[in-house]
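Below are the chains, spelled out letter by letter.
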Amino acid sequence: MIIYKQFFFDSAHFLPKVPKGHKCGDLHGHTYKLTVFFEGDLDPEQGWLIDFNEIKKIVDPVVSSIDHKLLNDIPGLENPTSELLSVWLWNKIKPELPLLIRIELNETPTSGVVYEGA
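Here is what the cut-offs are and how they apply
Residues numbered from 1 in each chain as written. Predicted model: local features only at pLDDT ≥ 70, side-chain atom pairs only at ≥ 80, totals over all residues. Heavy atoms only, no water. UniProt positions renumbered as here; feature names shortened; annotations may be inferred. Pairing = 2+ DSSP bridges. Helix = DSSP H or I, 4+ residues; strand = E, 2+ residues; numbered from the N terminus. Phe/Tyr/Trp six-rings, centres within 6.5 Å; stacked < 30°, edge-to-face > 60°. Lys NZ or Arg CZ within 6 Å of the ring centre and 35° of its normal. Expected span 1.5 Å × (residues − 1). Bend = angle between axes of the 7 residues up to and from the residue. Buried < 20%, exposed > 50% of the residue type's maximum accessible area, 1.4 Å probe, protein only. Contact = heavy atoms within 4.5 Å. Polar contact = N/O pair within 3.5 Å; in protein donor to acceptor, adjacent residues only side chain to side chain.

- The chain is annotated in an unreviewed UniProt entry as 6-carboxy-5,6,7,8-tetrahydropterin synthase of Arcticibacter tournemirensis.
- Quoted verbatim from the Sequence similarities (unreviewed entry) field of UniProt, the annotation for the chain is "Belongs to the PTPS family. QueD subfamily."
- Per UniProt, the comment on the chain under Catalytic activity (unreviewed entry) is "7,8-dihydroneopterin 3'-triphosphate + H2O = 6-carboxy-5,6,7,8-tetrahydropterin + triphosphate + acetaldehyde + 2 H(+)".

### Quick look at the pairing of strand 3 (residues 100–108)
Turning to step 1, where the next piece is worked out: The pairing of strand 2 (residues 28–39) with strand 3 spans six bridges and is classified as antiparallel. In the strand pairing of strand 3, phenylalanine 38 is matched with leucine 100.
Turning to step 2, where the next piece is worked out: Where strand 3 lies against strand 4 (residues 111–115), five bridges are found, and the strand directions are antiparallel. Pairing of leucine 105 across the sheet is with valine 113, part of strand 4.

### Quick notes on the packing of aromatic side chains
Turning to step 1, where the next piece is worked out: Taken as a whole and judged by the stated rule, the model has three aromatic pairs.
Turning to step 2, where the next piece is worked out: Seen in terms of ring centroids, tyrosine 4 and phenylalanine 37 are 5.7 Å apart; in terms of plane orientation they differ by 40°. Their pairing is tilted. Taken together, the residues span a long stretch of sequence, with tyrosine 4 in strand 1 (residues 2–13) and phenylalanine 37 in strand 2 at a distance of 33 residues.
Turning to step 3, where the next piece is worked out: Note on phenylalanine 9 and tyrosine 32: the rings are 4.9 Å apart at their centroids and 15° apart in plane angle, and the pair reads as stacked. Placement of the pair is phenylalanine 9 in strand 1 and tyrosine 32 in strand 2, with a sequence separation of 23 residues.
Turning to step 4, where the next piece is worked out: Geometry around phenylalanine 7 places lysine 5 over its ring, the cationic atom sitting 5.8 Å from the centre.
Turning to step 5, where the next piece is worked out: The ring of phenylalanine 37 carries the charged tip of arginine 102 above its face, separated from the ring centre by 5.3 Å.

### Brief notes about helix 1 (residues 52–64)
Think of an α-helix as 3.6 residues a turn; residues three or four steps apart then line up on the same face.
Turning to step 1, where the next piece is worked out: Here helix 1 is 13 residues long and its end C-alpha atoms lie 17 Å apart, about the 18 Å a rise of 1.5 Å per residue gives.
Turning to step 2, where the next piece is worked out: Remark: the principal bend of helix 1, roughly 30°, maps to isoleucine 58, with a proline, proline 61, within the next four residues.
Turning to step 3, where the next piece is worked out: Every buried residue belonging to helix 1 is among Ile55, Ile58, Val59, Val62 and Val63, and all of these are buried.
Turning to step 4, where the next piece is worked out: Contacts made by the buried residues of helix 1 are with strand 1, strand 2 and helix 2 (82–93).

### Digging into the pairing of strand 2
In summary, the side chains of a regular strand alternate between the two faces of the sheet.
Turning to step 1, where the next piece is worked out: Here 12 bridges tie strand 1 to strand 2, and the two strands are oriented antiparallel to one another. In the sheet register, lysine 5 faces strand 2, and the bridge partner there is valine 36.

### Quick look at the environment of serine 11
Turning to step 1, where the next piece is worked out: Here serine 11 shows up in strand 1.
Turning to step 2, where the next piece is worked out: Look at serine 11 and you get buried, because its relative accessible area is 4%.
Turning to step 3, where the next piece is worked out: Between the alpha carbons of serine 11 and aspartate 41 there is a distance of 35 Å; along the sequence they are 30 residues apart.
Turning to step 4, where the next piece is worked out: If sequence neighbours within four positions are ignored, serine 11 has contacts with His28, Gly29, His30, Tyr32, Ile66, Asp67, His68, Lys69 and Leu71.
Turning to step 5, where the next piece is worked out: In this structure the side chain of serine 11 is engaged in a polar contact, spanning 2.5 Å, whose partner is the backbone oxygen of isoleucine 66.

Here it is, written out as structure tokens:
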């Protein structure tokens with residue numbers, strides 16, 4: 001069984017390593033959509049894989065720590081590409097929710113990244 005839960009947050013960033021004149025080198029923001037996926041066997045007693053409230057309890061503080069923030073100011077996100085942000089999120093969530101198998105992070109409705117761990 002695979003389940004997922006979505007979260008949304010707004011953050012600003014700039015990409016310091018892009019070539020001069022690249023538009024992403026300037027300060028800008030995104031409304032990010034984070035989808036976290038979990039895989040495992042159903043608990044026969046509860047009839048679920050994980051309580052969605054348990055997921056929310058773990059992921060909400062992580063998301064809150066970057067919501068309405070300048071990502072470049074967050075330790076480990078000095079070059080906050082979507083790819084590096086997805087790894088950062090994985091490293092915060094996976095230790096608390098070991099059934100995590102995939103993160104999908106969209107920075108726009110048409111652009112995003114899928115990360116399935118190292």
